[in-house]
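Chain and residue survey
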Amino acid sequence: MVSIAEREALEAVLRAPSRRPYRPPTEIVQVYRRSRPDRYASTGLVNEQGEKWYHLRRHLTAELTSPSTMQGFLPELNTICDDFLELVNTSRRADGIVPGFDQLTNRMGLESVCALMLGSRLGFLERWMSGRAATLASAVKAHFRAQRDSFYGAPLWKFAPTTLYRTFAKSEDTIHTIVSDLMEEAKLKTQKNASDEAMREIFMRILENPALDMRDKKAAVIDFITAGIETLANSLVFLLYLLSVRPDWQRTIRSELPSCSTLTVEDLAAAPSVRAAISEAFRLLPTAPFLARLLETPMVIAGHKLPAGTFVLAHTGAACRRDENFWRAREYLPERWLEPRAPHAAALVAPFGRGRRMCPGKRFVDLELHLLLAKIMQRWRVEFDGELDIQFDFLLSPKSPVSLRLVEW
Ligand code: HEM
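Since the model is a prediction, treat every value here as computed from it, not as a measurement.

Observations regarding unusual backbone geometry
- Cis geometry marks the peptide bond from Ala342 to Pro343, where omega comes out at -5°.
- Inspection of the secondary structure assignment puts Pro343 in the loop between helix H13 (316-320) and helix H14 (362-379).
- A cis amide bond, omega -10°, links Ser400 with the succeeding residue Pro401.
- Relative to the helices and strands, Pro401 is located in the loop between strand E9 (395-398) and strand E10 (404-408).

What to know about the site of the ligand
- Neighbouring the ligand are 26 residues, the closest being Arg23, Trp53, Arg57, Arg293 and Cys359.
- At 2.7 Å, a side-chain N or O of Arg57 approaches an oxygen atom of the ligand.
- At 2.6 Å from an oxygen atom of the ligand is found a side-chain nitrogen or oxygen belonging to Arg293.
- Sorting the residues of the shell around the ligand by element identifies helix H3 (50-60), helix H9 (214-243), strand E3 (291-294) and H14 as the ones contributing at least two each.
- Broken down by class, the residue content of the shell around the ligand amounts to 15 nonpolar, six polar and five charged.

Some points on the UniProt feature "binding site: heme" (unreviewed entry) in the protein
- With numbering matched to this structure, UniProt assigns "binding site: heme" (unreviewed entry) to Cys359.
- By the element assignment, Cys359 lies in the loop between H13 and H14.
- Relative accessible area serves as the criterion here: at 32%, Cys359 is assigned to the partly exposed category.
- Among all residues touching Cys359, those that are not within four sequence positions of it are Arg57 and Phe352.

Some words on the packing of H9 against H14
- Relative orientation of the contacting elements H9 and H14 amounts to 40°, with a least axis distance of 11 Å. By the angle between their axes, H9 is oblique relative to H14. As H9 runs across H14, the sense of the crossing is right-handed. Taking contact as the criterion, the partners of Leu232, Ser235, Leu236, Leu239, Leu240 and Leu243 in H9 are, on H14, Phe364, Val365, Glu368, Leu369, Leu372, Leu373, Ile376 and Met377.
- Grouping the amino acids of the contact of H9 with H14 by side-chain chemistry returns twelve nonpolar, one polar and one charged.

Some details on the side chain of Arg405
- Structurally, Arg405 is set in strand E10.
- In this structure the side chain of Arg405 is engaged in a polar contact, spanning 2.6 Å, whose partner is the side chain of Glu383.
- There is a polar contact of 2.6 Å between the side chain of Arg405 and the side chain of Asp385.

A word on helix H5 (residues 101-118)
- Taking 1.5 Å per residue as the helical rise, H5 with its 18 residues ought to reach 26 Å, and the 25 Å between its terminal C-alpha atoms agrees with that figure.
- For H5, a buried count of 17 out of 18 residues is recorded, marking the element as mostly surrounded by other parts of the structure.
- Where H5 terminates, the next one or two residues include Gly119, which has phi positive at roughly 70°.

Re the packing of H5 against H9
- Closest axis-to-axis distance for the H5/H9 pair is 8 Å, and the angle between their directions is 140°. Taken together, the axes of H5 and H9 lie oblique to each other. The crossing of H5 and H9 is right-handed. On H9, the residues touching Phe101, Asp102, Thr105, Asn106, Gly109, Leu110, Ser112, Val113, Cys114, Met117 and Leu118 of H5 are Val221, Phe224, Ile225, Gly228, Ile229, Glu230, Leu232, Ala233, Leu236, Val237 and Leu240.

Details of the packing of aromatic side chains
- In the structure shown here, the tally under the stated rule is eleven aromatic pairs.
- Plain terms: the ring middles of Trp157 and Tyr165 are 6.3 Å apart, the flat faces sit at 5° to each other, and that makes the pair stacked.
- Above the plane of the ring of Tyr54 lies Arg20, whose end atom (NZ or CZ) is 3.7 Å from the centre.
- Positioned above the aromatic ring of Phe326, the side-chain terminus of Arg283 is 5.0 Å from the ring centre.

Points about the pattern of salt bridges
- Counting across every chain of the model gives 32 salt bridges.
- Asp213 is the salt-bridge partner of Arg215, the closest N and O atoms lying 2.8 Å from each other.
- Arg215 gets classed as partly exposed once you look at its relative accessible area, which sits at 29%.
- Classification of Asp213 by relative accessible area gives partly exposed; the value is 29%.
- A salt bridge links Arg246 to Glu335, with the shortest nitrogen-to-oxygen separation between them at 3.0 Å. With Arg246 in the loop between H9 and helix H10 (247-256) and Glu335 in the loop between H13 and H14, this pair connects stretches of sequence that are 89 residues apart.
- Accessibility expressed as a relative area gives 11% for Arg246, which makes it buried.
- Under the relative-accessibility criterion, Glu335 is labelled partly exposed at 27%.
- Salt bridges here are not isolated pairs; linked through shared partners, they connect Glu76, Asp83, Glu111 and Arg121.

The rules we used
Residues numbered from 1 in each chain as written. Predicted model: local features only at pLDDT ≥ 70, side-chain atom pairs only at ≥ 80, totals over all residues. Heavy atoms only, no water. Helix = DSSP H or I, 4+ residues; strand = E, 2+ residues; numbered from the N terminus. Near = heavy atom within 4 Å. Polar contact = N/O pair within 3.5 Å; in protein donor to acceptor, adjacent residues only side chain to side chain. Nonpolar A, V, L, I, M, F, W, Y, C, P; charged D, E, K, R; others polar. UniProt positions renumbered as here; feature names shortened; annotations may be inferred. Buried < 20%, exposed > 50% of the residue type's maximum accessible area, 1.4 Å probe, protein only. Contact = heavy atoms within 4.5 Å. Axes fitted to C-alpha atoms, helices over the stretch in contact; angles between N-to-C directions. Parallel < 35°, antiparallel > 145°, perpendicular 65-115°, else oblique. Left-handed = near helix turned anticlockwise from the far one by under 90°. Expected span 1.5 Å × (residues − 1). Phe/Tyr/Trp six-rings, centres within 6.5 Å; stacked < 30°, edge-to-face > 60°. Lys NZ or Arg CZ within 6 Å of the ring centre and 35° of its normal. Salt bridge = Lys/Arg side-chain N within 4 Å of Asp/Glu carboxyl O.

This is the structure we're talking about:
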């Protein structure tokens, strides 16, 4: 395995043309799914390679990456964000502190990604979650942790069904069962009530696509849900934490926003300070701080010859913190995105990856983070005491629990 963080090396690896980029799979998912052909026709979009990956990508992501589908989802997303703010408000103490803010953002991630993928609201933002919502939330967490541990720990699970492997299999099993039930329910609801087409568009397109095996459809929903929740939740925590040191920027954001609660694409476009705040948070604290690739052709990097098949970790996050790539690189300065000061190697900021394997959730996340930040700033300013504890948890994650303060303007 080779790690790189130099600008030229990163550009060479991430810009190498490839029709079917090879990202090393998470082996525990691969092994488990191959052992369950009754449930899985493939290892899924995140872990497949080559033609099979291309087939899944083509049929599963067209709607998700379409600007018009996302615009159609905007009214629903406005409501989901408002419900999240209400949940935050009810959890807020008299001094403005919101204990366990990270848990709330996780519920927000679950509700919005499930609404997007299943076309119906599941109740993760209700004050008291249903038993099924709580079970799904903890299975998603266990699934994620087990993947991380299988990646970094001793690979004993490859030789015997260790506790780690059983935990992973149990979480995958729980998620599969719940997602199967939810898909059935969502299908029935859709047949009964065709009024909310924008919200159901992605789900129905996937469900009705004759080119996809039903097992792949379920695996896709599982993969989208598990890929989207922690990433989204962590990004919101990091964004608010970084912004807490810039009360002036918070005031600028607020001054650019209207006071109405339903925000449109035009409202967001008229607030460039929101975009700048988000871009800067992704530069300084990206939840996915590196990208993994397998070289398809031999390459010479910094004078070293690397053969085809080399596993490369491209540390875009580390490169973004170097002064040779960004002016005052270690500081949170959203203004750099409105008036760039050299050096400004914007191409190194790749929180959603690069090329054809880039995150298909990017457009959705962009919209959701814009809405959330705008709505929070309309109502409160954010304060944080001290430093946020961050751990490398497969992704960069805040060490739980996170408490921040939301103060009325
Ligand atoms: C802030 C939130 C998110 C971040 C930072 C993020 C980041 C990433 C990154 C870095 C990759 C790897 C890209 C590459 O190798 O070039 C990826 C892949 C992926 N993401 Fe996301 N993601 C986020 C949210 C989401 C959401 C909400 C969804 C689903 C709705 C999603 C679904 C996926 C899928 C399915 C892949 C695999 C794509 C493929 O291999 O073709 N992600 N994401």
